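Now for the letters of each chain:
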Amino acid sequence: MDNTIIEEIKRLKKQRNAIILAHNYQREEIQDIADFVGDSLELSRQAVQVQCDVIVFCGVHFMAETAAILNPDKTVLLPEIEAGCPMADTVDVKELKEWIKKYPSSPVISYVNTTAEVKALSYACCTSANAPQIVKVVPFDSIIFVPDKNLADWVKKQVPYKEIIAWNGFCPTHHMIKKEDVIRTKKVHPDALVVVHPECRPEVIELADHVASTSGMVRFAKASQAKEFIIGTEIGLLYRLKKENPGKNFYPLKSTMICPNMKFTTLESVLLALKENQYVIKVPEDIRIKAYEAVQRMFTLVS
Ligand code: 13P
Ligand code: SF4
């Protein structure tokens, strides 16, 4: 059954001159059919580089929207329209505008996990792969950082001389991890290195051997001499880690670290996306132009 679907996806992909981009948290079978699998930064770079008419984005809404911001001439499809990011949804645009008025000398740096409207109000975007570098190089002593308070805290530790006015958002999948979870898992695998995502709580980050974006974790595991790793991020990443590092062992920090939105996308929904041209992600041009500036500035600030 899956083989028939995969063949049909391949046929339609060719017919429509489409490519499939998938985030590291996607289901195994989606990662297997994708042309490129990566973290938010890599996927946004890919979205600019790819030569095609259609991008099928297997991820969540803000990721497809970022691709649409960068590619007004391509059709960007999100196979599951309900696949959102609860952390991105914590930013209320009206309230953010009030913050901007209240702190006129503190421009907004927005994590890429935000809506196009929020990006349009931002000086620059950042991802988990470049947030500290972006905050370091922007020409301001004070910034508003939205929406992840945990990422803001991690950045602050590396750029202590700047003021960071942080939004109170967090990722439910990463924020659920407590210090005790690290201690417990470390007891079971005492020789394993603890690698966590910067969306984790500060007290969890404190216990980690390494902190990185999802693809940063893949690079770290490949380069490391260690043979065992405890992985503090959404469990979908373990598929890639195991596949690309045969001889090494990877354990989830907690097996319940699942982002339900990342799991919505199935082979069936990818097939339907290509067949029915759904769901087209488009950003109103006035918002897109401003949001484009913030995303583009991220690329130029840390090329
Ligand atoms: P990465 O950019 O590190 O892949 O993270 C995306 C994300 O949604 C983390 O929860
Ligand atoms: Fe959003 Fe967290 Fe899911 Fe990433 S893992 S998409 S930050 S809810």
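Residues numbered from 1 in each chain as written. Chains lettered and ligands numbered in written order. Predicted model: local features only at pLDDT ≥ 70, side-chain atom pairs only at ≥ 80, totals over all residues. Heavy atoms only, no water.

A.B. asks: Before we go on, may I ask you to explain the sheet that holds strand 11 (residues 228-232) in this structure?
C.D. replies: Paired through backbone hydrogen bonds, the strands of a sheet run either parallel or antiparallel to each other. Here we have four strands laid out as an open sheet, ordered 10-9-11-12, and parallel in their pairing. Either end of the sheet is taken by a strand with one partner, and the two such strands are strand 10 (210-211) and strand 12 (249-252). In the packing of helix 13 (residues 237-244) onto the sheet, contacts are made with strand 11 and strand 12, and the angle to strand 12 comes to roughly 170 degrees. (Pairing = 2+ DSSP bridges. Helix = DSSP H or I, 4+ residues; strand = E, 2+ residues; numbered from the N terminus. Contact = heavy atoms within 4.5 Å. Axes fitted to C-alpha atoms, helices over the stretch in contact; angles between N-to-C directions.)

A.B. asks: Can you help me understand the site of ligand 2 in this one?
C.D. replies: The environment of ligand 2 is formed by Tyr-25, Val-60, Cys-85, Pro-86, Met-87, Asn-113, Cys-171, Glu-199, Cys-259 and Met-262. Here the shell around ligand 2 is built from residues that sort into eight nonpolar, one polar and one charged. (Near = heavy atom within 4 Å. Nonpolar A, V, L, I, M, F, W, Y, C, P; charged D, E, K, R; others polar.)

A.B. asks: Quick question: what am I supposed to make of the packing of helix 3 (residues 40-49) against helix 4 (residues 61-70) here?
C.D. replies: Relative orientation and spacing of two packed helices are given, respectively, by the angle between their axes and the distance between those axes. Contact pair helix 3 / helix 4: the axes reach a minimum separation of 9 Å and the direction vectors enclose 35 degrees. Note on packing geometry: the crossing formed by helix 3 with helix 4 is right-handed. Facing Ser-40, Ser-44, Ala-47 and Val-48 of helix 3, the residues of helix 4 in contact are Met-63, Thr-66, Ala-67 and Leu-70. Residue classes in the contact of helix 3 with helix 4 are distributed as five nonpolar, three polar and no charged. (Left-handed = near helix turned anticlockwise from the far one by under 90°.)

A.B. asks: Where do I start with the packing of aromatic side chains in this structure?
C.D. replies: Each pair of aromatic rings is reported with the distance of its centres and the angle of its planes. All chains considered together, the criterion is met by five aromatic pairs. Seen in terms of ring centroids, Phe-220 and Phe-229 are 6.3 Å apart; in terms of plane orientation they differ by 80 degrees. Their pairing is edge-to-face. For Phe-229, a relative accessible area of 0% gives the class buried. On the numbers, 5.2 Å between centres and 15 degrees between planes, the contact of Phe-229 with Phe-250 is stacked. Separated by 21 residues along the polypeptide, Phe-229 in strand 11 and Phe-250 in strand 12 bring together distant segments of the chain. Each member of the pair, Phe-229 together with Phe-250, is buried. Members of the aromatic cluster, joined through ring pairs, are Trp-99, Tyr-103 and Trp-167. If you follow Arg-297 out to its NZ or CZ, it ends over the ring of Tyr-123, 4.2 Å from the centre. (Phe/Tyr/Trp six-rings, centres within 6.5 Å; stacked < 30°, edge-to-face > 60°. Buried < 20%, exposed > 50% of the residue type's maximum accessible area, 1.4 Å probe, protein only. Lys NZ or Arg CZ within 6 Å of the ring centre and 35° of its normal.)

A.B. asks: Is there a simple way to explain the side chain of Glu-65 in this structure?
C.D. replies: By the secondary structure assignment, Glu-65 is in helix 4. Within the buried core, Glu-65 has no salt-bridge partner, and the shortest N-O distance to an opposite charge, that of Lys-119, equals 5.2 Å. Leaving out residues up to four positions away in the same chain, Glu-65 has contacts with Thr-114, Thr-115, Ala-116, Ile-281 and Val-283. (Lys, Arg positive; Asp, Glu negative; His and termini not counted. Salt bridge = Lys/Arg side-chain N within 4 Å of Asp/Glu carboxyl O.)

A.B. asks: Is there a simple way to explain the UniProt feature "binding site: iminosuccinate" (unreviewed entry) in the protein in this structure?
C.D. replies: Following the UniProt record, one finds the feature "binding site: iminosuccinate" (unreviewed entry) at His-23, Ser-40, Tyr-111, Val-112, Asn-113, Ser-128, His-197, Pro-198, Glu-199 and Thr-214. Positionally, Ser-128 belongs in the loop between strand 6 (124-126) and helix 7 (131-137). Among the secondary structure elements, Glu-199 is positioned in the loop between strand 9 (193-196) and helix 11 (202-206). Classification of Glu-199 as buried rests on a relative accessible area of 5%. Look past the residues within four positions of Glu-199 in its chain and what remains in contact with it is Met-87, Tyr-111, Asn-113, Asp-148, Asn-150, Cys-171, His-174 and His-175. At 2.6 Å, the side chain of Glu-199 forms a polar contact with the side chain of Tyr-111. (UniProt positions renumbered as here; feature names shortened; annotations may be inferred. Polar contact = N/O pair within 3.5 Å; in protein donor to acceptor, adjacent residues only side chain to side chain.)

A.B. asks: Could you clarify how one ought to interpret the UniProt feature "binding site: [4Fe-4S] cluster" (unreviewed entry) in the protein in this entry?
C.D. replies: UniProt's entry tags Cys-85, Cys-171 and Cys-259 with the feature "binding site: [4Fe-4S] cluster" (unreviewed entry), counted in the numbering of this structure. In terms of the greatest pairwise C-alpha distance, the residues named above, spread along 175 residues, form a tight cluster of at most 9.1 Å across. Of note, Cys-85 is situated in the loop between strand 4 (75-77) and helix 5 (93-102). Overall, the relative accessible area of 14% leaves Cys-85 in the buried class. If we ignore the near neighbours within four places in the chain, the residues touching Cys-85 are Val-60, Phe-62 and Asn-113.

A.B. asks: Even after reading the chapter, I still don't get the site of ligand 1, so can you show me in this structure?
C.D. replies: Looking at ligand 1, the residues that line it are His-23, Tyr-25, Asp-39, Ser-40, Asn-113, Ser-128, His-174, His-197, Glu-199, Ser-213 and Thr-214. At 2.7 Å from an oxygen atom of ligand 1 is found a side-chain nitrogen or oxygen belonging to Ser-40. A distance of 2.7 Å separates an oxygen atom of ligand 1 from a polar side-chain atom of Ser-128. Notes on ligand 1: free accessible area 300 Å², of which the protein chains cover 96%. Considering only residue class, the shell around ligand 1 consists of one nonpolar, eight polar and two charged. (Areas by Shrake-Rupley, 256 points an atom, 1.4 Å probe, with all protein chains shown as cover.)

A.B. asks: Could you clarify how one ought to interpret the sheet that holds strand 1 (residues 18-23) in this entry?
C.D. replies: Sheet architecture is open: four strands sit in the order 2-1-3-4, paired in parallel fashion. Both edges of this open sheet fall to strand 2 (36-38) and strand 4, since each of them pairs with a single strand only. Looking at each pair of strands side by side, their axes are set apart by 20 degrees on average, direction ignored. The pairing of strand 3 (residues 54-58) with strand 4 spans three bridges and is classified as parallel. Within strand 4, the residue paired with Val-54 across the bridge is Thr-75. Relative to the sheet, helix 3 contacts strand 1, strand 2 and strand 3, its axis offset from that of strand 2 by approximately 145 degrees. Strands in contact with helix 14 (residues 267-276) are strand 1, strand 3 and strand 4; relative to strand 3, the strand with the most contacts, it is inclined by about 155 degrees.

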